[in-house]
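The chain contents come next:
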Amino acid sequence: GTWPYISALSLIYARKPTELADDLESFVYVLVIMALRFHLHNYSTIEPQHHNISKADLKKQNEENEELSKLVSSLFYDDVALEAGYVGGGLKKLGWIKQGPGFTLQDPNGLKHNHPLQTLINYLYEDLHTHYCAVDFSKMQHLYVPRIGENIKSFPEPQDSDKLVTVPFSLAPTVAARLGETKIT
């Protein structure tokens, strides 16, 4: 896959075979990067106005936004040397999966309702969280190449750099609750 969209597990465990869950997670990252690039959010330098902001102005402002650039770089392009010459990453992605997306979309007209795309992204992160809670990190440690110097045995606590923005994140509507007894892992 393309580096920015590879799942956190596939980046942490470089020899892990790709599964359907990894491809679905990749889709979430496409939505996130497009939301950050083309929508107004808490990293935007433009304040919500009571008139429409042109898409061209918003895109230009987001492209020139240094704080947003650092966020995108750390979330989608971080890398670290792994054993046996592999390169990996994904800890910031893992932090977002645990805490929820680290950004909030804003209405360009300054309205205080949840942006529909934000609602979708929040639900998708809840689903990722549910999936990652079912991952046996101890088993992953033995089967696939781990990060050098790390022994991830459970769903890890996010790094301090992952706590840039605190977004309310509830696991109330989990996958299992929405799908009945169906277990997705």
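Up top is the structure these notes are about.
What this report covers is the structure whose coordinates are included nearby. (Residues numbered from 1 in each chain as written. Predicted model: local features only at pLDDT ≥ 70, side-chain atom pairs only at ≥ 80, totals over all residues. Heavy atoms only, no water.)

## A word on the overall build of the protein
Next, step 1: Looking only at helices and strands, one finds eight helices and two strands in the protein.
Next, step 2: In the protein, the succession of helices and strands from N to C terminus is α-α-α-α-β-β-α-α-α-α.
Next, step 3: By residue count, 43% of the 185 residues in the protein fall in the buried class.
Next, step 4: For the protein, restricting intrachain contacts to residue pairs at least 6 apart in sequence, the fraction spanning at least 24 positions comes to 71%.
Next, step 5: Accessible area for the protein stands at about 10300 Å²; split by element, carbon and sulfur atoms hold 54% of it. (Helix = DSSP H or I, 4+ residues; strand = E, 2+ residues; numbered from the N terminus. Buried < 20%, exposed > 50% of the residue type's maximum accessible area, 1.4 Å probe, protein only. Contact = heavy atoms within 4.5 Å. Areas by Shrake-Rupley, 256 points an atom, 1.4 Å probe, with all protein chains shown as cover.)

## Some details on the nonpolar core
Next, step 1: If you look at the biggest cluster of nonpolar residues, it comprises 33 residues, and the most contacted ones within it are V32, L36, F76, F103, I121 and Y125.
Next, step 2: Dropping the residues within four chain positions of it, I121 is found in contact with L31, V32, A35, P101 and F103. (Core = buried A, V, L, I, M, F, W, Y, C linked by side-chain atoms within 4.5 Å.)

## Topic: the packing of aromatic side chains
Next, step 1: As enumerated under the stated definition, the model contains three aromatic pairs in all.
Next, step 2: Both rings, one in Y29 and one in F76, keep their centres 6.1 Å apart while their planes meet at 80 degrees; by these two values the pair is edge-to-face. With a gap of 47 residues between them, Y29 in helix α2 (residues 20–38) and F76 in helix α4 (residues 66–76) connect regions that are remote in the sequence.
Next, step 3: On the numbers, 5.9 Å between centres and 40 degrees between planes, the contact of W96 with F103 is tilted.
Next, step 4: When its relative accessible area of 2% is taken as the criterion, W96 is described as buried. (Phe/Tyr/Trp six-rings, centres within 6.5 Å; stacked < 30°, edge-to-face > 60°.)

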